[in-house]
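Here is what each chain is made of, one letter per residue.
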Amino acid sequence: MKIRTMKLRETHAAADDSVCSILWASDLGHIVTASSSDNAICIHDASAPSNAPKFLRNHREGVTALALSPNSTCLASGSLDHSVKLYKFPGGDFETNITRFTLPIRAVAFNKSGTILAAAGDDEGIKLVNTIDGTIARVLKGHKGSVTSLAFDPKSEYLTSLDSNGTVIYWELQSGSTLHVLKAIAPNNGTDVSVMNILAWSPDGELLAVPGLKNNVVLYDRDTAEKLFSLSGDHLQPICFLSWSPNGKYIATSGLDKQILIWDVDKKQDIERQKFSECITCMVWKPEGNALAVIDVKGKYGVWESVVPSTMKSPTEDIPGLYFKNSNGLLLFDEEEEPCASGNLSDLNEDSHDDFEPLRRKRSRKHSSYDDEMEDVNDELETVSKVETRKKAFYGHKENLSGRSGSRNMMVTAGTKMQEPFQPGATPAQPGKRHFLCYNMLGSITTMEHEGYSHIETDFHDTSSGPRVSAMTDYFGFTMASLNENGSVFANPCKGDKNMSTLMYRPFSSWANNSEWSMRFEGEEVRAIALGSGWVAAITNLNSLRIFTEGGLQRYILSLDGPAVTAAGYKDELAVVTHISPPLPTNEQILEFRVFNISHGSQPLRGLLPLTPGSNLTWFGFSEEGQLSSFDSKGILRVFTSQFGGTWLPLFSASKIKKSEENYWVAGLNASKLFCIVCKSPETFPQSTPKPVLTLLDLSFPLAASDLGADNLENEFMMNNMHLSRIQRSIEEREASGLDCTLLDDEAFTVETSLDRCILRLIASCCNSDKHVRATELVKLLSLEKSSRAAIKLVTALKQPNLAERFNNILEEKLLSDKKENIALPDSKSNCNGSVKPEVASTKFFTAEINRAAETAVASPVHIFPSTSNTRARNAEEPTKDKNGKSEESKTMTPGRTIDLKATGKGNANGVHNAGEATKATKVDQLSSSRPSNPFAKSSSHQGSSSLFDSLKKTKKTDIKGKV
């Protein structure tokens, strides 16, 4: 047999021997490499190796392990930095830190469906992680040394593991128990981390190959773990890596003797070999073809073509029945098996457009303890409904041991998976850099990991009023935080030997010592946290909402309807967002929001959360005024309003203003401004250093291009209407609670005044554009009588007599219909201060006010329109004075109904009389030269110029004192 040599291409420079990894994607177009001496993962173009690779630099230290999901759509990596990360493949987009250990990672492996990732290393224990939602399904313990290799049985019944002491353990996935422990059957590498023991299952799952103690490969039985035979040849030193060909007919082995041998398993002899200048630390067969990709301890890689002699069967011919090849040559599962949870199997349906159903990803059940039954894929396959043809989608369904059943949804691509949970205001961790755990309108919390622990700092935007908070050393590895005026709360994912997740509350000040507290959850992981007035909330992977008091008392535990997405708090209100179903085939997330009032123990709001099609939720919280708000990845801000029975209004669209090189990262909002940080593309989040600068953007509805050319006025009109609706809702709530509404009444009057000004300007624009119908619609929306008169004067000045006549008729109709409102007013809603019985107080108070106001106003007839804000006093018009100080309205009689204040002294309707049609509208609206040009401006004269509202307030105080 001729011994050949081949040159390798340098990709990871390493001065010392390193553990390197190599993968060949099933699409045949990409090769992935990594090295324990380099924190970068390289994705190479297999067809053009001279092209520069794509680098993924998300790890802080060297990468020790790689794994691809069976259909090559998800890449997993383990590192010396103790983390396991997931990426989209082949794009390389970082998805998540799926889990962390306290010591370096040595091995990662996907199960056949890609729904479970096994990870292990120098820590005691093998973690089985659900790749869909990141939950820890099980931790397997039994090894005494570092676990260097993991392999799932292709039939999904067993997991096998090998440690540095040479011990192999068979694990039963369903129960998590050990079936067989084979001690010291492989070389004992001790603490030498440059050499890794490896094991591998044959593609049909019948044989387990393990390096032997005699520079050979030993094969063990699937079920009994008995030694069947060995492959012994010309390796002069121990075998450090082995790899089965796709059809299971050949095994490639590399040894410390710097050579690779190719074995014919049936004949139990080596058929080919290749010499190298360095030891080969990893190899992988080409999924379709006769080639082997290799990488040595110095980080150099290459492809060995024509590995198997052409006279022998191809290494991809007659692949076992667990797999089949599609028209593109990709290895896929046969029709009785379940596709990878994150895979793309769209070619199965390429000829069946009529009966196509989207494949959807399976959602794993949550577990309350490690003793629960493990969701192994084999058990799922037994209950999956068989389909008659590959051209139809299949849906998994399995009965839970507790009797519950749930549909299991498989997904087509990584783009259609359910959105992962996130914490508003947090940014992803970056190696060696400080990042935000929380950033909101009050301040920020930042952290930076260093040598196994983190340094946390809390800063307030207003340093003059915010408390001084000392820095904190974090030994838990917190990944999320929430901040308000009273304190901060932190949480971390599961970690440590006991797989604990920790929740910690840290008050800024307290009358008692030792007021800081923490809670730990075994087998349960915190996904989102929120903070409010006197409460702390945490949502876990078991869909549990846990609510604690500020002192640490466990108050409530609620079960949510689906996996958590995020949460936010504001005073007594807690808002939670959850999934209620898998995404639609159009890649639309189906999310639900719920608002809980913690102090009342109620749920005032619940409904679907709207998102722009194809987007994810990127921020969720409350405005400074307490309005629930959301922001999605398409740049649309929505605010919840009570209008139309409760709905979401789009108040900002980034596409309307943003430049192509900018992205907006939201920090919060108030009634008129969006507070965000502008990030330069392709960055989507800010760096914590230097301190980012907040940008204020105006809130505006995404209006259509109007033929009126007054977009700003139309937007102002809609914004004022929205604010007025919010104030009305607040007034109603305070009235119902018997609380004082004076400040809200004043605010509502101010908004109504501003709204009327805006409407008048819109009417002027309509007149200039000959949009008379629209102008007529607008005048009907005016709140104040004075505004209606100003509108009549405006259109008269613009020489629109027809509009003036129409406006005058509308005013008459308002006054006529308003008579009933004013007569019924004494029996209307109660006084806001709640000090007197509502019905009695309303009648007596109003009658007394009118009597006293009549004397003050010198019997001036005043028109009162019904208030849209339910503020009785503010809607009374302020009489206009002439030069002599007399009431302007006492000199003119407006056509239609009027209220004579003198005549209403007895509080009945007799004071309402018909004035007749004495004058024309233009004559009616003649104003004194001393009247201010602004119809909303108040007279500067104090004598006799107080408004009806002021008079009512004064007489109310007098009346109440008299009763007391």
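Not measured: the values here are computed from a predicted model.

In this section: the overall build of the chain. Assigned secondary structure in the chain consists of 11 helices and 60 strands. Counting every position in the chain, which comprises 964 residues, the buried fraction comes to 55%. In the chain, the share of contacts with a sequence separation of at least 24, taken over all contacts with a separation of at least 6, comes to 52%. In the form shown here, the chain has an accessible surface area of approximately 41900 Å², with 49% of it arising from carbon and sulfur atoms.

Our focus in this paragraph is unusual backbone geometry. Between F89 and P90 the backbone carries a cis peptide bond, its omega angle lying at 10°. Along the chain, the position of P90 falls in the loop between β9 (83-88) and β10 (94-100). Here the amide bond leading from T689 into P690 is cis, since omega sits at -5°, within 30 degrees of zero. Note that P690 resides in the loop between β57 (673-680) and β58 (695-698). A positive phi angle, close to 70°, is found at L28, a residue other than glycine.

We now examine the pattern of salt bridges. Inspection of the entire model under this criterion finds 29 salt bridges. The partner of E449 in a salt bridge is R60, with the nearest N and O atoms 3.3 Å apart. Of the two residues, E449 sits in strand β37 (residues 443-450) while R60 sits in the loop between β6 (54-56) and β7 (63-68), which places them 389 residues apart along the sequence. Given the relative accessible area of 28%, E449 is considered partly exposed. Note that E592 and R606 form a salt bridge whose closest N and O atoms lie 2.9 Å from each other. Of this pair, E592 sits in strand β50 (residues 590-597) while R606 is found in strand β51 (residues 602-609), placing the two residues 14 residues apart along the sequence. One connected set of salt bridges, linked through shared partners, spans D153, E157, R222 and D223.

A word on helix α3 (residues 711-736). Counted at 1.5 Å a residue, the expected span for α3 with its 26 residues is 38 Å, and the 38 Å between its end C-alpha atoms agrees. Looking at the residues trailing α3, positive phi occurs at G738, about 70°.

Read from one edge to the other, the open sheet built from four strands follows the order β36-β37-β38-β39, with strand pairing classed as antiparallel. One side of each edge strand has no neighbouring strand; the edge strands of this open sheet are β36 (435-439) and β39 (472-474). On average, each strand axis in the sheet is tilted by 25° relative to the strand beside it, whichever way the strands run. Here β36 runs beside β37; their pairing, made up of four bridges, is antiparallel. Bridged to H435 within β37 is T447.

Let's shift gears to the packing of helix α4 (residues 742-768) against helix α6 (residues 785-797). Running from amino to carboxyl end, α4 crosses α6 at an angle of 20°, the nearest separation of the two axes being 10 Å. In this view, α4 runs roughly parallel relative to α6, as classed from their interaxial angle. Considering only the axes of α4 and α6, their crossing is right-handed. Here D756, L760, I763, A764 and C767 of α4 come into contact with α6, specifically with S787, A790, A791, L794 and V795. For the contact of α4 with α6, the per-class residue count stands at eight nonpolar, one polar and one charged.

Taken in spatial order, the three strands line up as β56-β57-β58 in an open sheet, and their pairing is antiparallel. Single-partner strands in this sheet number two, and they are β56 (662-669) and β58. Taking the axes of each pair of neighbouring strands and ignoring which way they run, one obtains an average angle of 45° across the sheet. Of the strand pairs in this sheet, β57 and β58 are connected by four bridges, and their pairing is antiparallel. Within β58, the position partnered with C676 by the bridge is T695.

Quick look at α4 now. A rise of 1.5 Å per residue sets the reference length of α4, with its 27 residues, at 39 Å; its end C-alpha atoms lie 40 Å apart and thus fit the reference within 8%. Downstream of α4 by a residue or two, D770 has a phi angle that is positive, lying close to 60°.

Cut-offs and rules
- Residues numbered from 1 in each chain as written.
- Predicted model: local features only at pLDDT ≥ 70, side-chain atom pairs only at ≥ 80, totals over all residues.
- Heavy atoms only, no water.
- Helix = DSSP H or I, 4+ residues; strand = E, 2+ residues; numbered from the N terminus.
- Buried < 20%, exposed > 50% of the residue type's maximum accessible area, 1.4 Å probe, protein only.
- Contact = heavy atoms within 4.5 Å.
- Areas by Shrake-Rupley, 256 points an atom, 1.4 Å probe, with all protein chains shown as cover.
- Salt bridge = Lys/Arg side-chain N within 4 Å of Asp/Glu carboxyl O.
- Expected span 1.5 Å × (residues − 1).
- Pairing = 2+ DSSP bridges.
- Axes fitted to C-alpha atoms, helices over the stretch in contact; angles between N-to-C directions.
- Parallel < 35°, antiparallel > 145°, perpendicular 65-115°, else oblique.
- Left-handed = near helix turned anticlockwise from the far one by under 90°.
- Nonpolar A, V, L, I, M, F, W, Y, C, P; charged D, E, K, R; others polar.

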